[in-house]
Amino acid sequence: MRAIQVSEHGGPEVLRSVEVEAPRIEPRQLLVDTDAIGVNYIDIYFRTGLYPQATPYIPGSEGTGVVAEVGPEVTEFTVGDRVAWAAAPGSYAQRVAVDEAVAVKVPEGVEPTVAAAALLQGMTAHYLVESVFTPEPGDAVLVHAGAGGVGLLLTQLAAAKGARVVTTVSTDAKEQLSREAGATEVLRYDDDLAARVRDLTDGQGVAAVYDGVGASTFEASLASLRVRGTLALFGAASGPVPPFDPQRLNPAGSLWLTRPSLGAYTRDRTEFLWRATDVFNAIAEGALKLRVGATYPLADAAEAHRDLAARTTTGSIVLLP
């Protein structure tokens, strides 16, 4: 089968298309023929070595496809089921071994390109608004990268709860997408961002900032919060935040700072199914719209990584095997 392999950490050029043997499944695994594969910032973190990963390896953790084989101890799935997953290492491939515990059936009517990108970004948006900070009607919240995959979903979910959503974007086209998702105000990244947020909130600041950008937005995020506000730092698209003195949270208004991860918010099968089912049902019913901004052949994974890192895309990115 064809797959993308990383033999050394580095730039997008280390993503190479190779021929490898299909994986052999364990008793509680599914062997899935992939229809589409999600591309996410975490894939870049592993590729560059920011997150430890032994080489060589096949990158990717998210995708969708049809079950070709089931292990003898699998109970929830059968051959022919359409499934999706967000935590199966080696997903940049034509066939993937997926643990039964991290797979979910895809509802009728959800296209493969959408299903491939729904879980990691959708469940991230879900845990942020359902478990990290749940906005009350009228609360003002700030969402960075408002036209990105998580940003568009997060904006919709927060707006559905009655929140006043302020987002940041880099272009007029991205501003339009963010407003269509439910953003009330859309700002650009600049030196007076925090001051502009406070102007929009009568000097109070926002109840929460959902920050997946990291280093370049962290200071503005802190300065944008109201007293006892929450900063959910869930990603580092611009790089990791430097070492931080927690004492700074005190004079700033007894702020809350958390660095959440999807793994910590899908700790068991019950929690995973709650989030995954909520996301897929909302998509199937049309209540949540997932934008696939670009698709690439599997062999062009390097180009997909370049475009994602350069922020030239909007919504989600998908590889087609």
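Residues numbered from 1 in each chain as written. Predicted model: local features only at pLDDT ≥ 70, side-chain atom pairs only at ≥ 80, totals over all residues. Heavy atoms only, no water.

A. Representation of the overall build of the protein chain. Along the backbone of the protein chain there are eight helices and 15 strands. Its C-alpha atoms give the protein chain a radius of gyration of 20 Å, near enough to 20 Å, the size a compact globule of 321 residues would have. With the C-alpha coordinates of the protein chain rotated into their principal frame, the extents come out at 60 × 40 × 35 Å. Counting only residues that meet the buried cut, the protein chain has 52% of its 321 residues in that class. For the protein chain, the proportion of contacts with a sequence separation of at least 24, taken over those separated by at least 6, is 67%. Looking at the protein chain as shown, the accessible area adds up to about 13,800 Å², and 51% of this sits on carbon and sulfur atoms. (Helix = DSSP H or I, 4+ residues; strand = E, 2+ residues; numbered from the N terminus. Rg over C-alpha atoms; globule rule 2.2 N^0.38 Å. Buried < 20%, exposed > 50% of the residue type's maximum accessible area, 1.4 Å probe, protein only. Contact = heavy atoms within 4.5 Å. Areas by Shrake-Rupley, 256 points an atom, 1.4 Å probe, with all protein chains shown as cover.)

B. Structural view of the nonpolar core. With 43 residues, the main nonpolar core has Leu 119, Tyr 210 and Phe 280 as its most contacted residues. With 13 residues, helix α2 (residues 112-132) is the single largest residue contributor to this core. Beyond its immediate sequence surroundings of up to four residues, Tyr 210 is in contact with Leu 128, Val 129, Phe 133, Pro 135, Val 141, Leu 142, Val 143, His 144, Leu 154, Ala 232 and Phe 234. With 18 residues, the next largest nonpolar core counts Val 6, Leu 298, Ala 301 and Leu 308 among its residues. (Core = buried A, V, L, I, M, F, W, Y, C linked by side-chain atoms within 4.5 Å.)

C. Main features of the pairing of strand β14 (residues 292-297). For β14 and strand β15 (residues 316-320), the ladder comprises five bridges, and the chain directions are parallel. Paired with Pro 297 across the strands is Leu 320, a residue of β15. Taken together, β14, helix α8 (residues 301-309) and β15 form a β-α-β motif whose crossover is right-handed. (Pairing = 2+ DSSP bridges. Right-handed = clockwise from strand over helix to strand, strands pointing away.)

D. Quick peek at helix α1 (residues 41-48). Within the sequence span of α1, burial applies to Asp 43, Ile 44, Tyr 45 and Arg 47. Structurally, α1 contributes buried residues whose contacts are with β2 (15-19), β3 (29-39) and α8. Within two residues after α1, Gly 49 carries a phi angle of roughly 95°, on the positive side.

E. Spotlight on unusual backbone geometry. Here the amide bond leading from Thr 55 into Pro 56 is cis, since omega sits at -5°, within 30 degrees of zero. For Asp 202, which is not glycine, the phi torsion reads 55° and is therefore positive. Along the polypeptide, Asp 202 turns up in the loop between α5 (193-200) and β11 (206-211). According to the relative accessible area criterion, Asp 202 is exposed, its value standing at 71%.

F. Main features of helix α4 (residues 172-180). Of the positions making up α4, those classed as buried are Lys 174, Glu 175, Leu 177 and Ser 178. Projected onto a plane normal to the axis of α4, the buried residues spread over an arc of 165° and lie on a single side. Among the exposed residues of α4, those pointing more than 90 degrees away from its buried face are Asp 172, Ala 173 and Glu 180. In this structure, the buried residues of α4 make contact with α3 (149-160), β9 (164-169) and β10 (185-188). In the segment just after α4, Gly 182 is the residue with positive phi, at about 120°. (Arc of directions from axis to C-beta.)

G. How the structure looks around the UniProt feature "domain: Enoyl reductase (ER)" (unreviewed entry) in the protein chain. Listed under "domain: Enoyl reductase (ER)" (unreviewed entry) in the UniProt record, and renumbered for this structure, are residues 10-319. As annotated, residues 10-319 comprises 29% helix and 25% strand, and the C-alpha atoms at either end are separated by 20 Å. (UniProt positions renumbered as here; feature names shortened; annotations may be inferred.)

H. Main features of the pattern of salt bridges. Applying the stated criterion to the full structure yields 15 salt bridges. With a shortest N-O distance of 2.5 Å, Asp 33 and Arg 95 are connected by a salt bridge. With Asp 33 in strand β3 and Arg 95 in strand β6 (residues 95-99), this pair connects stretches of sequence that are 62 residues apart. Take Arg 95: its relative accessible area is 29%, and that puts it in the partly exposed class. For Arg 248, the salt bridge is made with Glu 219, and the minimal N-O distance between the two is 2.7 Å. With Arg 248 in the loop between β12 (225-233) and β13 (256-258) and Glu 219 in helix α6 (residues 218-223), this residue pair connects regions lying 29 residues apart in the sequence. Judged by its relative accessible area of 44%, Glu 219 is partly exposed. One salt-bridge network, held together by shared partners, links Asp 172, Glu 175, Arg 179 and Arg 188. (Salt bridge = Lys/Arg side-chain N within 4 Å of Asp/Glu carboxyl O.)

I. Just the sheet that holds strand β8 (residues 140-143), in detail. Judged by pairing direction, the sheet is parallel, and its six strands sit side by side in the order β10-β9-β8-β11-β12-β13 without closing on themselves. If you trace the sheet from one side to the other, it starts and ends with β10 and β13, each paired once. With direction set aside, neighbouring strand axes in the sheet form an average angle of 15°. Contacts from α4 reach β9 and β10, with the element oriented near 155° to β10. (Axes fitted to C-alpha atoms, helices over the stretch in contact; angles between N-to-C directions.)

J. Region of the structure containing the pairing of β3. Burial of β3 is extensive: nine of the 11 residues sit out of reach of the surface. Pairing geometry for β3 and β6, over five bridges, is antiparallel. When the sheet's bridge partners are listed, Val 32 is paired in β6 with Val 96. Pairing of β3 with strand β4 (residues 63-70), which is carried by seven bridges, proceeds in the antiparallel orientation. Of the residues in β4, the one forming a bridge with Leu 30 is Val 70. Of the pairings in the sheet, the one linking β3 to β15 comprises three bridges and is antiparallel in character. Each residue of the ladder has a partner; that of Gly 38, found in β15, is Val 318.

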